[in-house]
Protein chains: 2
Amino acid sequence: MSDSNEEMFKQLVETLNQDNTMTQKQLQILEAAIKIISEKGYYNTSTSEIAKQAGVAEGTIFRHYRTKKDLLVAIVTPVVTNISAPFFAEQFVDQAFSKSYQTFEEFLYAFVENRFEFVKTNVPLLKIVLQELSFHPEIQAAYKRAFTEKVHPAMCEVLNHYKKRGDLKDIPNQTMIRMAVPSIIGFLITRFIIQPNAEWNDEQEIKQTIDYIMNGIGK
Amino acid sequence: MSDSNEEMFKQLVETLNQDNTMTQKQLQILEAAIKIISEKGYYNTSTSEIAKQAGVAEGTIFRHYRTKKDLLVAIVTPVVTNISAPFFAEQFVDQAFSKSYQTFEEFLYAFVENRFEFVKTNVPLLKIVLQELSFHPEIQAAYKRAFTEKVHPAMCEVLNHYKKRGDLKDIPNQTMIRMAVPSIIGFLITRFIIQPNAEWNDEQEIKQTIDYIMNGIGK
DNA sequence: AATAAAAGTGAGTAATCACTCGCTAACTGT
DNA sequence: ACAGTTAGCGAGTGATTACTCACTTTTATT
C-alpha cells in the first residue's frame, strides 16, 4: 500500500512540474507538502515538518517559495486547470457536437467516467483544495474565474446542442447545471472522501447517477 | 445590516445556552467565537482575538473552556443535534405516516422547507462545521454516529412507507438517499455559502429541486 | 580551469500562540 | 453579615512558528 502511495505522490508532483525546471529537492518538498497537508490541513502542517519529511533543510523550502502560502498556492493553483481541463480543450465542445456521441446520455457517461478517473488519481490534491478553499480568497477567485469564463460557457454550448437534438427538457441551462452538477460532485465526494473504504461497484454507481440526472433533465 | 447580524448571533448563542446556566460574559465569548471563527476559520482565530472581540480578559475564556478546542467543540457539537432534529423527534416518522401528507412529494416539500429555514438562521454555525469537519475526527465521529443511528433509519422508515403507498420507484433506499441528499445539500450550499448574494427566488428553487428529485426516485 | 550563478544548509530570531496563576470582585446560601 | 464558591482579570511563560542570513556546495558558462 505504501508503495503504491509513493508512486501516486510522485505522479501528482510530476503534474505540477510541467516545465521540468524543478530540482530533485524541490520535487521532494512538493511531494512531502501534498502528503502532509492533505492529511492534516495547511495550518496544522509546519514548514519544519515538511522539510523533515522531504529530507531537506527548512531554508531550502524558502529558497523556492517566498512564503508558506506561496507553497500552498503552487500546489493548489494548477489543480484548477486540471479539474476543468475538458472544458478548456477545444476538443470538448467539438467532440460533443461531433458524431462521437449519439445522445446526451452517452456524452454525459463519457464525461463522468473521465472526471471519475481524474478524481481517483488526484484525491490528495483535491482534498487540499476542498479544505483550504474557504480560507484563501485568492484561490477562490481562481476557481470562480475558471468556472464563469470556461466551464459554464462550455457547458451551455453543449446543453444547447443537445437541446436542439431534442435530448433535453426545455429548462434553462442555469437550472440544469444547478441540478446535475451537485449530483455528480456529490457522488464523487461520497465515493472518494466520505466513504472511500466502503465497497463500491463503481460502474453501477456511475450509471445510477446518470440515470438519476437524465430523469431530471432529459426528455 | 450590522444590527440584524448582531441579533442573529445572539439568537445563535441562545441555542447553545439551553440550560440558561451561562454567564453574560460566557455568552459574549461564544458570540465572538462564532463570528470570528466562521469568518476566518479555527486556526486563524487566536484566543486573544476572541477575548478582545468579546470584551473579556483572555483568562476568562479558559475559566469556562479548558482548551481552545473545547470551545470549538462546545460550539459545534450542539449543531449536530439541531441539524438532525427532525429525525430524532418521534413526531417525524409518525407525521410522515399520518395523513398530514398525502404524498411523498408533499412530505418532502415540508421537510425541505423546514431544513431551508434552519440553514438560513444558522449559516455561521454551519460554516464552522463544514470547514472544521475535516480536521477534527471527534466531530466527524459525532456526525457519522447521528447519521447511522438516527437519520438513516428514520429516512428508511419514511421511504418504506411511501414505497408501499406506491409513490416511489422500486429502488434500494440506499440508492435513493445517495441521490436525493446531495440534491438538497447541494442546493443549500450554493444558496447560502457559494452564492449567498445572488438574487434567489427561493420558493421556485425549492420546487425545482423537489421536481428534480421526484423525477429521479418518484413513480 | 576559472568564474559566476543557483541550490542547499541550519543555527538564529522576533513574533505569536495557547495556556497559567495569583489575585480581586461578585455572587450564593445560611 | 459572613463564609465559601464561582467568575473575571491580565501580566507572565514556555513552546512553536514562519522566515532570515551568512555560509558552503553544486551546477552552468565560457
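Residues numbered from 1 in each chain as written. Chains lettered and ligands numbered in written order. Predicted model: local features only at pLDDT ≥ 70, side-chain atom pairs only at ≥ 80, totals over all residues. Heavy atoms only, no water.

If you look chain A up in an unreviewed UniProt entry, it shows as TetR/AcrR family transcriptional regulator from Virgibacillus tibetensis.

1. Re empty space enclosed by the protein
In total, this model carries 1 cavity of 30 Å³ or more according to the counting rule given. Roughly 30 Å³ of volume is contained in the largest cavity. Contributing to the lining of the largest cavity are Tyr43(A), Phe135(A), Gly41(B), Tyr42(B), Tyr43(B), Asn44(B), Glu132(B) and Phe135(B). Residue composition of the lining of the largest cavity, by class: 5 nonpolar, 2 polar and 1 charged. (1 Å grid on protein atoms, 1.4 Å probe; cavity = no way out; pocket = protein on both sides within 12 Å on 5 of 7 lines; lining within 4 Å. Points joined across faces, edges and corners; volume = space filled by probe spheres on them. Nonpolar A, V, L, I, M, F, W, Y, C, P; charged D, E, K, R; others polar.)

2. Some points on the protein's contact with DNA strand D
Around DNA strand D sit 16 residues in total, of which Lys68(A), Thr23(B), Lys25(B), Thr60(B) and His64(B) are the nearest. Take the atoms of DNA strand D that sit within 4 Å of the protein: sugar and phosphate atoms are 57% of them. In the model, a phosphate oxygen of DNA strand D is placed 2.9 Å from a nitrogen or oxygen of the Thr47(A) main chain. Contact distances for DNA strand D include 3.0 Å between a phosphate oxygen and a backbone N or O atom of Ala57(B). Elements with a contribution of two residues or more to the surface near DNA strand D: helix 4 (58–64) of chain A together with helix 4 (58–64) of chain B. Looking at the surface near DNA strand D element by element, the count peaks at 4 residues for helix 4 of chain B. Its residues assigned to classes, the surface near DNA strand D comprises 3 nonpolar, 8 polar and 5 charged. (Near = heavy atom within 4 Å. Polar contact = N/O pair within 3.5 Å; in protein donor to acceptor, adjacent residues only side chain to side chain. Helix = DSSP H or I, 4+ residues; strand = E, 2+ residues; numbered from the N terminus.)

3. Re the nonpolar core
Ranked by size, the top nonpolar core spans 131 residues in total, and within it Ile75(A), Phe104(A) and Phe104(B) carry the most contacts. Apart from the residues lying within four places of it in its own chain, the contact partners of Ile75(A) are Leu16(A), Leu30(A), Ala33(A), Ile34(A), Leu125(A) and Ile128(A). (Core = buried A, V, L, I, M, F, W, Y, C linked by side-chain atoms within 4.5 Å. Buried < 20%, exposed > 50% of the residue type's maximum accessible area, 1.4 Å probe, protein only. Contact = heavy atoms within 4.5 Å.)

4. Description of the protein's contact with DNA strand C
In the vicinity of DNA strand C there are 16 residues, among which Thr23(A), Thr60(A), His64(A), Thr47(B) and Lys68(B) approach most closely. Counting only the atoms of DNA strand C within 4 Å of the protein, the fraction contributed by sugar and phosphate is 56%. For DNA strand C, a phosphate oxygen lies 2.8 Å from a polar atom in the backbone of Thr47(B). Listed by contribution, the elements that provide at least two residues to the surface near DNA strand C are helix 4 of chain A together with helix 4 of chain B. Each residue belonging to the surface near DNA strand C can be placed in one class, and the counts come to 3 nonpolar, 8 polar and 5 charged.

5. Topic: the relation of the copies chain A and chain B
Taken as rigid bodies, chain A and chain B are interconverted by a rotation of 180° and an axial shift of 0.0 Å, the fit giving an RMSD of 0.1 Å. The two molecules are tied by a two-fold rotation axis, judged by turn and shift. Nearest to the rotation axis, the C-alpha of Asn215(A) is located 2.7 Å from it, this being the minimum over chain A. A share of 100% of the interface residues of chain A reappears at the interface of chain B, consistent with the copies meeting face to face through the same patch. (Least-squares fit on C-alpha atoms with pLDDT ≥ 70 in both.)

6. Section: the interface of chain A and chain B
Facing the 27 residues of chain A at the interface are 27 residues of chain B. Together chain A and chain B conceal approximately 2,200 Å² of surface at their shared face, both sides included; 59% is due to carbon and sulfur atoms. Here chain A is connected to chain B by 2 salt bridges. The partner of Glu205(B) in a salt bridge is Arg178(A), and the shortest N-O contact between them spans 2.6 Å. Linking chain A with chain B are 8 residue pairs in polar contact (both at pLDDT 80 or more). Sorting the residues of the side of chain A that touches chain B by element identifies helix 9 (123–132), helix 11 (173–194) and helix 12 (202–217) of chain A as the ones contributing at least two each. Of the residues assigned to the side of chain A that touches chain B, the class counts are 10 nonpolar, 11 polar and 6 charged. (Buried area = accessible area lost by both parts, 1.4 Å probe. Salt bridge = Lys/Arg side-chain N within 4 Å of Asp/Glu carboxyl O.)

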